[in-house]
Amino acid sequence: MIGAMAVKRQRAERLADEELMPLVGGKDPEAFEVLYDRHGGVAYSLAYRIVGDRTAAEEVTQEAFISVWRSGARFDAARGSVRSWLLSIVRNRAIDFLRSKAGKAPKLDFDDDSALEQRPARERTEEEALRRETAAELRGALGKLPGEQSKVIELAYFGGFSHSEIARILGLPMGTVKGRMRLGLEKIRGELAEGLA
Amino acid sequence: MSGADHNSWSEDLGAYMLGALEPGEAETFTRHLEGCERCQAELRWLQPALHSLPESVERREPPPRLRESLMAEVRGEAERAAGAERVKHRRTLFPAWLLKPAAGLAVVALLVAGVIGYEVGKDDGSDGGPTTIERQVDGIGVKMVQEGSGGTLQLSNLPQVPADKVLEAWVEREGEVEAVPALLVPDRDGHAETTIADMSGVDVVMVTEEPRGGSEAPTGEPIMSMTVQ
């Protein structure tokens, strides 16, 4: 029995995420396990970034992956990668969690992340190592944004605040907040395009 | 739409992508987006920036217990789903009403194509006496004696069943499976016997192992399945 599971696991490891999803939709635990091993780290990290608490981050990550397990068949490859889809589920769950805990303020800067970067982290694969590099670059890209732009993006994406709430928090006109969001995303996009060039 | 008109939509795009529009605004923007190729193109261009945001967070190792707990839940659900699928398969073979409680006696069944047996002897009752069919089915001796409208099922060389198990018998009649109202417990020599009150139209006789007290639905493959026509 264990042998059969190991063989299924090895087969699943050779598949791309998009090829794993039909198996996950067909309730294949080994395919799901591979999916978790590939993306569980970033999913948990994102959840932690939003909710700021280990136990809550575990809860959010578990709920998100169970949701993927139960709705794997709903993944639409035409709308983006599995990873982006999965992380959007994690983000939405985490924001829901935040909203259910009224009054919880999101973190607004990367200071904690910089400190955590000093910690040794196990890198399972070259791909993961590359992702870590990319993440560091992205932190750089986000960090390069003018504070006024990164702040509204963080409040929206990691804090789940609406543009009108952000306008109220920062004492800015709503149009200004929306303009900064748009400009900030454009700049990150520009950084990414440069990185690829 | 003029360029100035479009600018207001374009300005909303960032907030829309970040999920920061108010619900009513988001619905309006979604409707606009469906018909605006320019906004669609801008959204496609900006999407990598949005997708980069979760990648930008500092990595933390999830605790091993998260993986363990997740996989335990997933494997449990997969097993339950597989079990439900097996029952569903059986229900397609048996009418639902047959699987309803039968006064605590449950029975089991399944006709299995390919059950291997060989006929040891047969008396077709052409002389007006009882009809007897004797076969070995998967090592189990089966003797089916039909007389009048009823019959007796005699089994030998049965394996001993655990203390918490019993054997249950089913008959298939015109494609439908019916419970035989008796539970069987092999004696120390591996013999067991039960009476089947109505053998008219019975095509197959089957026996399965079930939890003590019987089952309301089949829980296992038959240990014996024999055609009697």
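Residues numbered from 1 in each chain as written. Chains lettered and ligands numbered in written order. Predicted model: local features only at pLDDT ≥ 70, side-chain atom pairs only at ≥ 80, totals over all residues.

A. Representation of the overall build of chain A within the structure. What chain A contains, in helices and strands, is 10 helices and zero strands. Taken from the N to the C terminus, the helices and strands of chain A come in the order α-α-α-α-α-α-α-α-α-α. The proportion of buried residues among the 197 residues of chain A is 42%. Long-range pairs, those at least 24 residues apart, make up 61% of the contacts in chain A between residues at least 6 apart in sequence. (Helix = DSSP H or I, 4+ residues; strand = E, 2+ residues; numbered from the N terminus. Buried ≥ 20, exposed ≤ 12 C-beta atoms within 10 Å, placed from the backbone. Contact = placed C-beta atoms within 7 Å.)

B. Focus on the overall build of chain B. Of the regular secondary structure elements, chain B holds four helices and nine strands. Its helices and strands taken in sequence order, chain B reads α-α-α-α-β-β-β-β-β-β-β-β-β from the N to the C terminus. A total of 229 residues make up chain B; the buried ones form 32% of that total. Expressed as a percentage of contacts within chain B between residues at least 6 apart in sequence, the contacts between residues at least 24 apart total 59%.

C. Inspection of the interface of chain B and chain A at higher detail. Counting from both sides, the interface comprises 39 residues of chain B and, opposite them, 50 residues of chain A. Residue composition of the side of chain B that touches chain A, by class: 22 nonpolar, six polar and 11 charged. (Nonpolar A, V, L, I, M, F, W, Y, C, P; charged D, E, K, R; others polar.)

D. Quick peek at the packing of helix H4 (residues 54-71) of chain A against helix H5 (residues 82-100) of chain A. Residue and element names in this part refer to chain A. In contact at an axis separation of 9 Å, H4 and H5 are set at 130° when each is read in the N-to-C sense. As far as their axial angle goes, H5 and H4 are oblique. Considering only the axes of H4 and H5, their crossing is right-handed. From H4, Ala 56, Val 60, Thr 61, Glu 63, Ala 64, Ser 67 and Val 68 reach across to H5, where they touch Leu 86, Ile 89, Val 90, Arg 93, Ala 94 and Phe 97. Across the contact of H4 with H5, the residue classes tally to nine nonpolar, two polar and two charged. (Axes fitted to C-alpha atoms, helices over the stretch in contact; angles between N-to-C directions. Parallel < 35°, antiparallel > 145°, perpendicular 65-115°, else oblique. Left-handed = near helix turned anticlockwise from the far one by under 90°.)

E. Region of the structure containing the pairing of strand S5 (residues 165-173) of chain B. All names here are of chain B. Of all nine residues in S5, seven are buried, a share of seventy percent or more. Inspection of the sheet shows S5 paired to strand S8 (residues 202-211) by nine bridges, in the antiparallel sense. What sits directly across from Leu 167, in S8, is Glu 209. (Pairing = 2+ DSSP bridges.)

F. Structural detail: the confidence of the model for chain A. All names here are of chain A. Per-residue confidence for chain A averages 80 on the pLDDT scale, and 75% of its residues sit at or above 70. When mean pLDDT is compared element by element in chain A, helix H3 (residues 29-51) scores highest at 95, while helix H6 (residues 111-116) scores lowest at 33. In this model, residues 104-130 is a region of pLDDT below 50 whose contacts with residues beyond four sequence positions or in other chains number 22 contacts. (pLDDT = per-residue confidence, 0-100.)

G. Expanded view of the packing of H3 of chain A against H4 of chain A. Residues and elements named next belong to chain A. Where H3 meets H4, the axes come as close as 8 Å, and the angle between the chain directions of the two elements is 140°. Here H4 runs oblique to H3, going by the angle between their axes. When you trace H3 past H4, the crossing you get is right-handed. From H3, Phe 32, Tyr 36, Gly 40, Ala 43, Tyr 44, Ala 47, Tyr 48 and Val 51 reach across to H4, where they touch Arg 54, Ala 56, Ala 57, Val 60, Thr 61, Ala 64, Phe 65 and Trp 69.

H. Structural context of the pairing of S8 of chain B. Residue and element names in this part refer to chain B. A large share of S8 lies buried, amounting to eight of its 10 residues. Sheet topology places S8 next to strand S9 (residues 222-227); five bridges connect them, and they run antiparallel. Across the sheet, Thr 208 pairs through a bridge with Pro 222, a residue of S9.

I. Broad picture of unusual backbone geometry. The backbone of Lys 27 of chain A shows a phi angle near 65°, a positive value even though the residue is not glycine. With respect to the element layout, Lys 27 of chain A can be found in the loop between helix H2 (17-25) and H3.

J. Focus on H2 of chain A. Residues and elements named next belong to chain A. Taken together, the buried positions of H2 are Leu 20, Met 21, Leu 23 and Val 24. For H2, the angular spread of buried residues about the axis comes to 170°, placing them on one side. Positive backbone phi, approximately 65°, marks Lys 27, located one or two places after H2. (Arc of directions from axis to C-beta.)

K. Spatial organisation of the nonpolar core. Formed by 61 residues in total, the largest nonpolar core has its most connected members in Ala 47 and Ala 156 of chain A. Each residue touching Ala 156 of chain A, except ones within four places of it in the same chain, is listed here: Phe 161, Ile 166 and Met 181 of chain A together with Leu 18, Gly 19 and Ala 20 of chain B. Counting residues in each nonpolar core, the second largest holds 29 residues, with Ile 133, Val 145, Val 171 and Leu 184 of chain B among its members. (Core = buried A, V, L, I, M, F, W, Y, C linked by C-beta atoms within 7 Å.)

L. Quick peek at the environment of Glu 174 of chain B. Residue and element names in this part refer to chain B. Tracing the backbone through its elements, the reader meets Glu 174 in the loop between S5 and strand S6 (176-184). Look at Glu 174 and you get exposed, because 7 C-beta atoms sit within 10 Å. For the pair formed by Glu 174 and Val 202, sequence separation is 28 residues and the distance between their alpha carbons is 7.2 Å.

M. Focus on the confidence of the model for chain B. Residue and element names in this part refer to chain B. Residues of chain B with pLDDT of at least 70 account for 75%, and the chain-wide mean is 77. Taken as a whole, residues 101-120 scores under 50 in pLDDT and shows 65 contacts with residues more than four places along the chain or in a different chain. Reported confidences for the modelled complex are a pTM of 0.59 and an ipTM of 0.78.

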